[in-house]
Protein chains: 2
Amino acid sequence: MRKILIIGAGKSSSYLIKYLLDKSSTENLHITIGDLNIDNAKKLVTTDKNVSVVHLDVFNGDSRTKAIKKADIVISMLPARFHIEAAKDCIKYAKHMVTASYVSEEMQALDEEVKANNLVFMNEIGVDPGIDHMSAMQVIDHIRDNGGKMILFESFTGGLVAPESDNNLWNYKFTWNPRNVVTAGQGGAAKFLQENQFKYIPYNRLFRRTEFLEIDNYGRFEAYANRDSLKYQNVYGLEHIKTLYRGTMRRVGFSRAWNVFVQLGMTDDSYTIDDSENMSYRNFVNAFLPYSPTDSVELKFRHALKIDQDDIVWDKFLELDIFSSTKMVELKKATPAQILQKILMDSWTLSQDDKDMIVMYHKFGYERNGEQYQIDSTMVVVGEDQTYTAMAKTVGLPVAIAALDILNGKIKTPGVQIPITKEVYSPILEELKEYGIQFTEKEVEYLGYNPLNR
Amino acid sequence: MRKILIIGAGKSSSYLIKYLLDKSSTENLHITIGDLNIDNAKKLVTTDKNVSVVHLDVFNGDSRTKAIKKADIVISMLPARFHIEAAKDCIKYAKHMVTASYVSEEMQALDEEVKANNLVFMNEIGVDPGIDHMSAMQVIDHIRDNGGKMILFESFTGGLVAPESDNNLWNYKFTWNPRNVVTAGQGGAAKFLQENQFKYIPYNRLFRRTEFLEIDNYGRFEAYANRDSLKYQNVYGLEHIKTLYRGTMRRVGFSRAWNVFVQLGMTDDSYTIDDSENMSYRNFVNAFLPYSPTDSVELKFRHALKIDQDDIVWDKFLELDIFSSTKMVELKKATPAQILQKILMDSWTLSQDDKDMIVMYHKFGYERNGEQYQIDSTMVVVGEDQTYTAMAKTVGLPVAIAALDILNGKIKTPGVQIPITKEVYSPILEELKEYGIQFTEKEVEYLGYNPLNR
């Protein structure tokens, strides 16, 4: 029996566990799931064959070390900051490791030791980061292998609600960490490359500088720029690329409405509101508008943002009931962002039969023999229910497949790494297709940024 | 002879030194001016009687201690962060101290020792902070002494260009630290009280939420909110006040135009622009606008901010020559704020015969016997030239007068303090009148924030 230890059985572990249990007999696997909350983990286990669920506190050195010692490979599904202690044990006891998290500096610093012990520490192998890396590098490598030179790479991902559950005016529900959605884009200007020019967008313009995207059968989307478009420029070998842009996808119209919250200061997470506990939603909105003894909060809101009463954006705010004088904030010493999150969760929480959807869109522009070409590549994954979500599927399956491929020696190049080499992405992308996770590629005319070409 | 040591002879020391030298014979004073740059100091000394200029490095313990030991009182005109070493020496050798800076935590921590040694450490005794404290507390104390209860306090200060030198479309030139002007309002939402409601303005709305003010003979001004309106609420004893607002004054129209820089992200000081050294002003502006192979930077700029070509705000940007493709940024690894500052300094630097102007405007609302009243109090000081500026006058004279009043025992309550007690503000405000620094008070109708009252 090969022994796999999964640390942390949160939201995104359903497919991960199911995949490994389904393969456990044929692949001769024993799965141990360690979590602080055993009940959570047990819900995701549909069999008692080849599996055990144990109480595990990653900060308790003894129990952690004991569990890691027994395993052949360790999958950590904890938040990124909790990986490092397990990673050190994995080196000590010569175990491979897999995470879906960004490589931290601490993790990167282990590279030499990991290589010296001939171990594979695979990171960033969820959906974003993960499937984005693999699907992009497969196309980029293919273009290069055929003598092409990359001139444009744009990549967009969105965690959205599936069309059949898309029933509010924002065309949005929280399918992942709501806090990250409320504070998205804060902390510095977005930076990217367009036709060899560095461009910068401050937070207060971010949601007004969107791009449109269209996916066959799924309609139109928009995307706003991520802060870190240039992060993978060197990793992907795109040093001489002219256009490099990464963004987050929403349904068209979301950003224009969201920008109203940004403009008013309601997404700020840096200070607390006085007496937030006793505020109504209406009081909260009013705190960002000038005092008036006569003018309504509604009119001040519309005036400040220049919103006509027959503008669809106005209905979006009414739908959220943000002008309610009876719904109370009830949060003590809360930041504007925390209060806004609470208000949004009233409306944007998935109900039991709602389904989520992950969309991804890459554009690859390249030159070959003096001609310019473009490939657009898109992926859509729709969830099954509130346990087997598209998010859990696209995060969990690549992790699970990578773990098995490492055990089986298909992935063997040692080191702290991310899935950008053929050895890694080829077998994983191939197998993901069996589960409906696949990209549709289209050759399109290369237009670049010249509207005269259109 | 009473010995006064002035540490630091920068821009704002001209009137300070002149005042003390003018009084040196009648008051029996010897002034020692210590600076890293002796030549700077010598320019401000018009006599060789009762004065010596010495080289002084405040970080050189020996020379600092030696100079302080010899003095009866020490005036530190250094930047706030450099006071503390001198302050510790002042305690050790039992010397009084005067600064125009905000009381730092380190300075405040010395209070007990200062009191134990029966010393006066007077701080925040320039113009803002300084004259604002004194002039406000004089009126507030007067209102209270007559049985009034404060319900509104609004206070505004501006460092501007004098009407006779006001010859650009922004009605603004740099009369103080340009960097502080470019980054003004950053670092968090402005917070204030209006009619018992806390109000918050994020940076991106700050310059669109201005108030108008009118000063007889000087016309209209506007003011944007300071971040710290509530800072002196307890210090001034205004715990139960309904409206508390502090702001910065500009000529009408400045803020609307400045907001364009804010919106585009050109005031950001948190990251550096790639290859800033080789950018033209035009390239710099273009970095905040979408790429286009055909549209001009001018049109993209106007479109992004919705500026009509016949809008006066447009001429303000043309006047700054920000679209020049020949003027170069020339600053290495510069932040947007640093580059913008350089561009503005081309246009907003005072010429040799330009004069500056300090304006201050207080509104005091109060209730007495069930009736509501309001007093508006204004001050305007115009500079004489580029050495004897209004800024140097309004900063230096209160410092100088305070120092002499301490030596003469008129100000004697010991401790680390700011000028909010009658003992301090009465003699100083009285003497400032002799130098043309005085407030004009007007009783006006109390309108509060109810437009129906107007």
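Source: prediction; values computed, not measured.

A. Region of the structure containing the environment of Phe207 of chain B. Residue and element names in this part refer to chain B. Its place among the elements puts Phe207 in the loop between helix H9 (203-206) and strand E10 (211-215). Judged by relative accessible area, Phe207 falls into the buried class, the value being 1%. Those residues in contact with Phe207 that lie beyond four places of it in its chain are Ala184, Tyr224, Ser255, Arg256, Trp258, Asn259 and Val262.

B. The arrangement of the domain arrangement of chain A in detail. Each domain of chain A was delimited in the assignment, giving domain 1 (2-123) and domain 2 (272-334). Look at where the C-alpha atoms of domain 1 of chain A and domain 2 of chain A centre, and you get two points 46 Å apart.

C. Inspection of the packing of helix H1 (residues 14-27) of chain A against helix H15 (residues 390-407) of chain A at higher detail. Residues and elements named next belong to chain A. Packing of H1 against H15 leaves a shortest axis separation of 7 Å and a crossing angle of 35 degrees. Between H1 and H15 the crossing geometry is right-handed. Only Ala392, Lys393, Gly396, Leu397, Val399, Ala400, Ile401 and Leu404 of H15 make contact with H1, whose side of the interface consists of Ser14, Tyr15, Leu16, Tyr19, Leu20, Lys23 and Glu27. Split into classes, the residues belonging to the contact of H1 with H15 amount to ten nonpolar, two polar and three charged.

D. Fine view of the sheet that holds strand E1 (residues 2-7) of chain A. Residue and element names in this part refer to chain A. Overall, parallel pairing links the seven strands, which are arranged E3-E2-E1-E4-E5-E6-E15 in an open sheet. Edge positions in the sheet fall to strand E3 (51-55) and strand E15 (415-417), since each has one partner strand and no second. With strand direction ignored, the average angle separating the axes of adjacent strands in the sheet is 15 degrees. Sheet analysis places E1 next to strand E4 (residues 73-76), joined by four bridges and oriented parallel. Within E4, the position partnered with Ile6 by the bridge is Ile75. Sheet strands touched by H1: E1, strand E2 (29-35), E3 and E4. Its angle to E2, the strand with the most contacts, is close to 150 degrees.

E. Fine view of the interface of chain B and chain A. Contacts between chain B and chain A engage 34 residues on the former and 35 residues on the latter. Summing the contributions of chain B and of chain A, the shared interface buries around 3000 Å²; its carbon and sulfur component is 53%. Looking at the side of chain B facing chain A, the largest losses of area belong to Tyr200, Asp274 and Tyr291 of chain B, adding up to 24% of the total buried there. Across the contact surface, chain B and chain A share two salt bridges.

F. Fine view of the nonpolar core. Counting 71 residues, the largest nonpolar core has Ile6, Leu20 and Ile75 of chain A as the members making the most contacts within it. A total of 13 residues in this core trace back to one element, the largest contributor, which is H15 of chain A. In contact with Ile75 of chain A, not counting residues within four places along its chain, are Ile4, Leu5, Ile6, Ile7, Leu16, Leu20, Val98, Val399 and Ala403 of chain A. Ranked by size, the runner-up nonpolar core spans 70 residues in total, among them Tyr19, Val120, Met391 and Ile420 of chain B.

G. Region of interest: the side chain of Glu124 of chain B. All names here are of chain B. Relative to the helices and strands, Glu124 resides in the loop between strand E6 (120-122) and helix H7 (131-145). This buried residue, Glu124, is left without a salt bridge; Lys231 holds the nearest opposite charge, at 5.4 Å. Here Val103 takes part through its backbone nitrogen, which lies 3.0 Å from a polar atom of the side chain of Glu124.

H. Fine view of the side chain of Lys199 of chain B. Tracing the backbone through its elements, the reader meets Lys199 of chain B in strand E9 (residues 197-201). In terms of polar contacts, Lys199 of chain B uses its side chain to reach the side chain of Gln197 of chain B, at 3.2 Å. Residues within four places of Lys199 of chain B in sequence aside, it is in contact with Asn286, Ala287, Leu289, Pro290, Tyr291 and Lys300 of chain A together with Ala190, Lys191, Phe192 and Gln194 of chain B.

I. Representation of the sheet that holds strand E4 (residues 73-76) of chain B within the structure. All names here are of chain B. Reading across from one edge, E3-E2-E1-E4-E5-E6-E15 is the order of the seven strands in this open sheet, with parallel pairing throughout. Both edges of this open sheet fall to strand E3 (51-55) and strand E15 (415-417), since each of them pairs with a single strand only. Direction aside, neighbouring strands of the sheet carry axes that sit 15 degrees apart on average. Judged from the five bridges that link them, strand E2 (residues 29-35) and E3 form a sheet pairing that is parallel.

Parameters at a glance
- As a convention, each chain's residues are numbered from 1 in the sequence order in which they are written.
- Going through the entries in the order they are written, you letter the chains from A and number the ligands from 1.
- In view of the model being predicted, local features appear only for residues whose pLDDT reaches at least 70, and side-chain atom pairs are presented and counted only at 80 or more, with totals across whole chains, interfaces and linings using the full set of residues.
- In computing side-chain properties, one takes all heavy atoms of the structure into account and sets aside hydrogens as well as water.
- Numbering goes from the N terminus for both helices and strands, where a helix is a DSSP run of H or I of at least four residues and a strand is a run of E of at least two.
- Think of it in three bands: with a 1.4 Å probe and only protein chains considered, a residue is buried below 20% of the maximum accessible area for its type, exposed above 50%, and partly exposed in between.
- Note on contacts: a residue pair qualifies if any of its non-hydrogen atoms lie within 4.5 Å across the two residues.
- Domain limits in this description derive from either an automatic procedure or a database domain assignment.
- To obtain each axis, a line is fitted to C-alpha atoms, and for helices this fit is confined to the stretch in contact; angles are then taken between N-to-C directions over 0 to 180 degrees.
- By convention, the crossing between two helices is left-handed when the near helix turns anticlockwise from the far helix through less than a right angle, and right-handed when the turn is clockwise.
- Nonpolar residues are Ala, Val, Leu, Ile, Met, Phe, Trp, Tyr, Cys and Pro. Charged residues are Asp, Glu, Lys and Arg, and all others, Gly as well, are polar.
- The pairing criterion is simple: DSSP has to find at least two bridges between the two strands.
- Here's the idea: put two parts together, see how much 1.4 Å probe accessible area each one loses, and the total over both is what we call buried area.
- Salt bridge, as used here: a side-chain nitrogen of Lys or Arg that lies within 4 Å of a carboxyl oxygen of Asp or Glu.
- In this description, a nonpolar core means a group of buried Ala, Val, Leu, Ile, Met, Phe, Trp, Tyr and Cys residues linked to one another through side-chain atoms lying within 4.5 Å.
- Charged residues are defined here as Lys and Arg on the positive side and Asp and Glu on the negative side; His and the ends of the chain fall outside this count.
- Each polar contact in these results corresponds to two N or O atoms within 3.5 Å; when the atoms are within protein, one needs to be able to donate a hydrogen and the other to accept it, and residues that are neighboring in sequence are counted only if both atoms are side-chain atoms.

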